[in-house]
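# Descriptive structure summary
Below are the chains, spelled out letter by letter.
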Amino acid sequence: MSAILLAMTGAGWDPAEWQARFLALAPRREVRIWPDRACNPAEVGYVCTWKPPPGLFAQFPHLKAIFSLGAGVDHLIGDPLLPAVPLVRVVDRDLTARMSEYVVLHVLLHHRRLRLYRAQQREKIWHEHAQPAASEVAVGILGLGVLGREAAELLARIGFRMAGFSRTEKSLAGIETFHGKNGLDAFLARTEILVCLLPHTPATEGILNLALLRKLKRDGALGGAYLINAGRGMLQVDADILAALEESSLAGASLDVFPTEPLPRESPLWNHPNVIITPHNAAVSDPRALARNVLTQIERFERGLPLEHVVDRTAGY
Ligand code: NDP
Ligand code: OXD
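A quick note: this is a predicted structure, and the numbers were derived from the prediction, not measured. (Residues numbered from 1 in each chain as written. Chains lettered and ligands numbered in written order. Predicted model: local features only at pLDDT ≥ 70, side-chain atom pairs only at ≥ 80, totals over all residues. Heavy atoms only, no water.)

## A closer look at the packing of helix H1 (residues 15–25) against helix H9 (residues 287–302)
- At a minimum axis separation of 9 Å, H1 and H9 run at an interaxial angle of 55°. Relative to H9, the element H1 is oriented oblique. Handedness of the crossing formed by H1 with H9: right-handed. The residues of H9 that touch H1, namely those facing Glu 17, Trp 18, Arg 21, Phe 22 and Leu 25, are Pro 287, Arg 288, Leu 290, Ala 291, Arg 292, Val 294 and Leu 295. (Axes fitted to C-alpha atoms, helices over the stretch in contact; angles between N-to-C directions. Helix = DSSP H or I, 4+ residues; strand = E, 2+ residues; numbered from the N terminus. Parallel < 35°, antiparallel > 145°, perpendicular 65-115°, else oblique. Left-handed = near helix turned anticlockwise from the far one by under 90°. Contact = heavy atoms within 4.5 Å.)

Okay, structure coming up:
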């Protein structure tokens, strides 16, 4: 039976917790944590990883598949030494539900003006502001994949006027869809709350820039435009978000991801009154759910069934 190697770096990732979970579910399988001198590279069939060290994969002559322990694969795909084995990403109910929680929370928070009421509370001010109904507010999701679609459907159920933008054409009940370069401007022009759930690829890098933010709808029911980015930090230009806030192209932003993580202490985003920052934890990868997901895939694969959610390396996600 091929061994599994767990190779993860970065804050918040505890390989021992993942190993314990894998072993609890598959006690007969060898599950190693990188780096491990006792691990025979010839026995490693699968690497489960988050931000692996450069050149890691070259040492495993019998590698059969690589599993990204997150939904995004930008931490892997740019590696010119990535072997030609299937690259699989996580698609799991637990992860999707966590992202939906984050998106719904932040859309509602801007819609219900929570920052304003928190500021009033600090001053003990009892003052009510006009509150549009969700059905008057246009929310747009940039990226209608596994995560974007679920969030869009939930927000539609709450009553928001929903639209989504994707690379290829989509048709979703109750959600207006736009796609391709030609669809982007019309999508932005009708969107007051922009939620970004795109992957980081050469085509999406820096897409959340001043020119794009200026195209959002500012004269809608909310009286301003809002950005929520839980996709990737490399999609956004921090200085442009600050400039958009400064000139009121944006009225507020919720940012979970940043070009440099952790967000440097000197970033003016930290202290901006209209910005809400979370530490890239919109949807964390929980080993209690995802170890089972990966093991199910490995067991299917070893029974001769195809792997699911294999990344399209040409598209980059
Ligand atoms: P999917 O691959 O399922 O969906 C990606 C979506 O983006 C698709 O709709 C795709 O279009 C669209 N897209 C890709 N490139 C372009 C482009 N150039 N122009 C327009 N649309 C584009 O990914 P998921 O929904 O599973 O995840 C999305 C991202 O969320 C991940 O890549 C990751 O970066 C991020 N993420 C962040 C987390 C966090 O905690 N902050 C946690 C988990 C994920 P099409 O449908 O046409 O292919
Ligand atoms: C992911 C992430 O891609 O956690 O899953 O960012």
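That was the structure; now back to the text.
## Quick word on the domain arrangement of the protein
- Parsing the protein into structural domains produces domain 1 (3–90 + 285–302) and domain 2 (94–277).
- Counting the surface lost from both domain 1 and domain 2, the interface buries some 650 Å², and carbon and sulfur atoms represent 54% of this.
- Summed over the three residues of domain 1 that lose the most area to domain 2, namely Ala 71, Asp 74 and Asp 286, the buried surface amounts to 48% of that side.
- Viewed at the interface, domain 2 and domain 1 are joined by two salt bridges.
- One salt bridge connects Arg 98 with Asp 286, and the closest N-O pair in it is separated by 3.0 Å.
- Between domain 1 and domain 2 we count two residue pairs in polar contact (both at pLDDT 80 or more) in total.
- For the side of domain 1 that touches domain 2, a count of residues per class yields four nonpolar, two polar and four charged. (Domains from an automatic or database assignment. Buried area = accessible area lost by both parts, 1.4 Å probe. Salt bridge = Lys/Arg side-chain N within 4 Å of Asp/Glu carboxyl O. Polar contact = N/O pair within 3.5 Å; in protein donor to acceptor, adjacent residues only side chain to side chain. Nonpolar A, V, L, I, M, F, W, Y, C, P; charged D, E, K, R; others polar.)

## Considerations on the site of ligand 2
- As a structural note, the neighbourhood of ligand 2 is formed by Trp 50, Gly 70, Ala 71, Gly 72, Arg 232, His 280 and Ala 283.
- At a separation of 2.8 Å, an oxygen atom of ligand 2 approaches a polar backbone atom of Gly 72.
- Take His 280: an N or O atom from its side chain is 2.6 Å from an oxygen atom of ligand 2.
- With the chains in place, 88% of the 210 Å² that ligand 2 exposes on its own is no longer accessible. (Near = heavy atom within 4 Å. Areas by Shrake-Rupley, 256 points an atom, 1.4 Å probe, with all protein chains shown as cover.)

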